[in-house]
Amino acid sequence: MTNTDKNIYILAIESSCDDTSAAVLLNKKKLSNVIATQKIHEAFGGVVPELASRAHQQNIVPAVHQALAKANIDKKLVSAIAFTRGPGLMGSLLVGTSFAKSMALGLNVPLIEVNHMQAHILSHFIEEEEMEAPSFPFIALTISGGHTQIVLVKDYFDMEVLGETLDDAVGEAYDKSAKILGLPYPGGPLVDKYAQLGNPKAFPFPKPKVEGYNFSFSGLKTSILYFIQRETKKNPHFIEENLNDICASIQYTIVGILMHKLEKAVQQLGIKQVAIGGGVSANSAIRKALKEREKTLGWKTYIPKFEYCTDNAAMIGIVGYLKYLDGDFTNQGTVAKARYKITD
Ligand code: KG4
Ligand code: ZN
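Rules used throughout
Residues numbered from 1 in each chain as written. Chains lettered and ligands numbered in written order. Predicted model: local features only at pLDDT ≥ 70, side-chain atom pairs only at ≥ 80, totals over all residues. Heavy atoms only, no water. Axes fitted to C-alpha atoms, helices over the stretch in contact; angles between N-to-C directions. Helix = DSSP H or I, 4+ residues; strand = E, 2+ residues; numbered from the N terminus. Parallel < 35°, antiparallel > 145°, perpendicular 65-115°, else oblique. Contact = heavy atoms within 4.5 Å. Core = buried A, V, L, I, M, F, W, Y, C linked by side-chain atoms within 4.5 Å. Buried < 20%, exposed > 50% of the residue type's maximum accessible area, 1.4 Å probe, protein only. 1 Å grid on protein atoms, 1.4 Å probe; cavity = no way out; pocket = protein on both sides within 12 Å on 5 of 7 lines; lining within 4 Å. Points joined across faces, edges and corners; volume = space filled by probe spheres on them. Domains from an automatic or database assignment. Buried area = accessible area lost by both parts, 1.4 Å probe. Salt bridge = Lys/Arg side-chain N within 4 Å of Asp/Glu carboxyl O. Polar contact = N/O pair within 3.5 Å; in protein donor to acceptor, adjacent residues only side chain to side chain. Pairing = 2+ DSSP bridges.

Below, the discussion takes up the packing of helix 4 (residues 170–180) against helix 6 (residues 218–234). Two numbers describe how helix 4 lies on helix 6: the axes approach to 10 Å, and their chain directions differ by 10°. The angle between helix 4 and helix 6 falls in the class roughly parallel. Between helix 4, through Lys176, Ser177 and Ile180, and helix 6, the contact on the second element is made entirely by Lys221, Ile224, Leu225 and Ile228.

This is the structure:
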C-alpha cells in the first residue's frame, strides 16, 4: 500500500493531563485510539503532576506502538504527526511534545501543534457511523476536570469564548463534592450513578450569581461542605443514609447551572445547535437535559461517543487532519504551552 494525497494518515499524541493517548486517523476516520489511563492518581485523590509526567514517559512508546499496530499501518505511511501543545500540565505536555518532535524528525514528516480545547470541540468532526457533525455556527460547551467553557464556533479555527469558569471546572466540582462524601477519585461518575436513584430536590443548594456566560463552582463546593458538616454533627450516619438524595441534589444544582447559561447563549445568539465535549459529557443528567431541550426548545444537540469525550488522541488527530489540509505546520522550535487560549 502506498500513500497517496487522498490518504492522509495522521499519528496523534495526547499527554496534557493524566491520560497518555496515541491515535491514527486516515483522513477523518479513526483507525485506532489507544488510551492509557493513569490509575496511580486514584490513591492521591487527584492528579499529581510529577507522577503524571513520569507515567507518560513510561506509557508513550507502548501507546504509539499499539496505535500503529491496531491501525495496521507501518510508520512509514504516516503523513504527519499531531500533538497537544497545550493547555495542560507542563511536565505532561513536555513528554508528548518532545516525543512528537523527535518522531517527526525521525520520519521526516510535518509536525502539527494542536490546542487541546479546540480538539475537544472539533472531536465532533471525526467520521463515525453513530455521530453527526454539527454545521457552523454552533455553540459548544466543554466540560471536564480541567475546563468549563461556552464557545461560539464560527468555523473550524474561528472560535470565540463566550464564558468560562472563574474558579473550579465542573468536573472538579463533581470530584470535590464526591470527596466530601468520602467517595474515591474521580468521584464524578459515582455521584452520577447514585444521583439516578435519588430525589434531586431533597436538599436545595444555592446557585451562584455570575455575570454573562461565566461560571463559578467553588461556592457550591463550600456550601456542600458546610451542609455535610452540619448534618453529620446531628447524625453521624447522615451521608450513608442519604447518599442518593445528596448526590441527586448536587447533580440537579450543577446541571441547572450549566443549562441556565447554555439556554441564555442559545436565546441571545439565536443558534440552536449545541455540541458538548469533555469528560463530564458522560453525565446522564446532562445528556437527558439536552435531549429534553431538543423536544421542548427545538435544539439540535451533538454528543460525541464517550471515547471522544474524555481526553484522547483521536480528537488531536482530527485537528491534525484539518490543519494538514490547510498546510498549517509547525517546526522543531515549538514548545509546550501550559496556558494556551483557544484564540491564541
Ligand atoms: O475530560 P476528562 O477525562 O479529563 C480532564 O479533566 O481533562 O474529564 C474527567 C472529569 C472528571 O472530573 C470526572 O469526575 C468527570 O470528568 N466525569 C463525570 C462523569 N464521568 C466523568 N462527571 C460527572 N458525571 C459523569 N458521569
Ligand atoms: Zn480535556
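A few words now on the nonpolar core. Of all hydrophobic cores here, the largest spans 47 residues; its most connected members are Leu181, Ile254, Leu258, Leu262, Ile286 and Leu290. Counting residues per element, the ones that place at least two in this core are strand 6 (138–143), strand 7 (148–155), helix 4, helix 5 (188–195), helix 6, helix 7 (238–269), strand 9 (273–277) and helix 8 (284–297). Element by element, the count of residues in this core is highest for helix 7, at 15 residues. With sequence-adjacent residues up to four places away left out, Ile286 is seen in contact with Ile143, Val255, Leu258, Met259, Ile276 and Val280.

Our next topic: the layout of surface pockets. Its volume calculated, the second largest pocket comes out at about 420 Å³. For the second largest pocket, the lining is made up of 19 residues, of which Gln251, Tyr252, Val255, Ala285 and Lys288 are closest to its centre. Of all the secondary-structure elements, those providing two or more residues to the lining of the second largest pocket are helix 7 and helix 8. It is helix 7 that contributes the most residues to the lining of the second largest pocket, 8 residues altogether.

Each domain of the chain was delimited in the assignment, giving domain 1 (9–126 + 308–326) and domain 2 (138–303). One C-alpha centre belongs to domain 1, the other to domain 2, and the line joining them spans 27 Å. The interface of domain 1 with domain 2 comprises 21 residues on the first partner and 20 residues on the second. Summing both sides of the interface, domain 1 and domain 2 together bury roughly 1700 Å²; the carbon and sulfur share of this comes to 76%. Per-residue buried area on domain 1 facing domain 2 is highest for Ile121, His124 and Cys309; these three make up 34% of the total on that side. Joining domain 1 to domain 2, the criterion identifies 0 salt bridges. For the pair domain 1 and domain 2, the number of links is 3 residue pairs in polar contact (both at pLDDT 80 or more). Elements supplying a minimum of two residues to the side of domain 1 that touches domain 2: helix 3 (116–122) and helix 10 (314–326). Among the elements that take part in the side of domain 1 that touches domain 2, helix 3 stands out by supplying 6 residues, more than any other.

What follows is about the sheet that holds strand 5 (residues 111–115). Across the sheet, which stays open at both edges, the 5 strands sit in the order 3-2-1-4-5 with mixed pairing between neighbours. Strands with a single pairing partner mark the edges of an open sheet, and in this sheet they are strand 3 (29–37) and strand 5. With strand direction ignored, the average angle separating the axes of adjacent strands in the sheet is 20°. Relative to strand 2 (residues 19–26), strand 1 (residues 9–14) runs antiparallel, the two sharing 6 bridges. Along strand 2, the bridge assignment pairs Ile10 with Leu25. Helix-sheet contacts for helix 2 (residues 90–107) involve strand 1, strand 4 (80–86) and strand 5, and the interaxial angle to strand 4 is about 160°.

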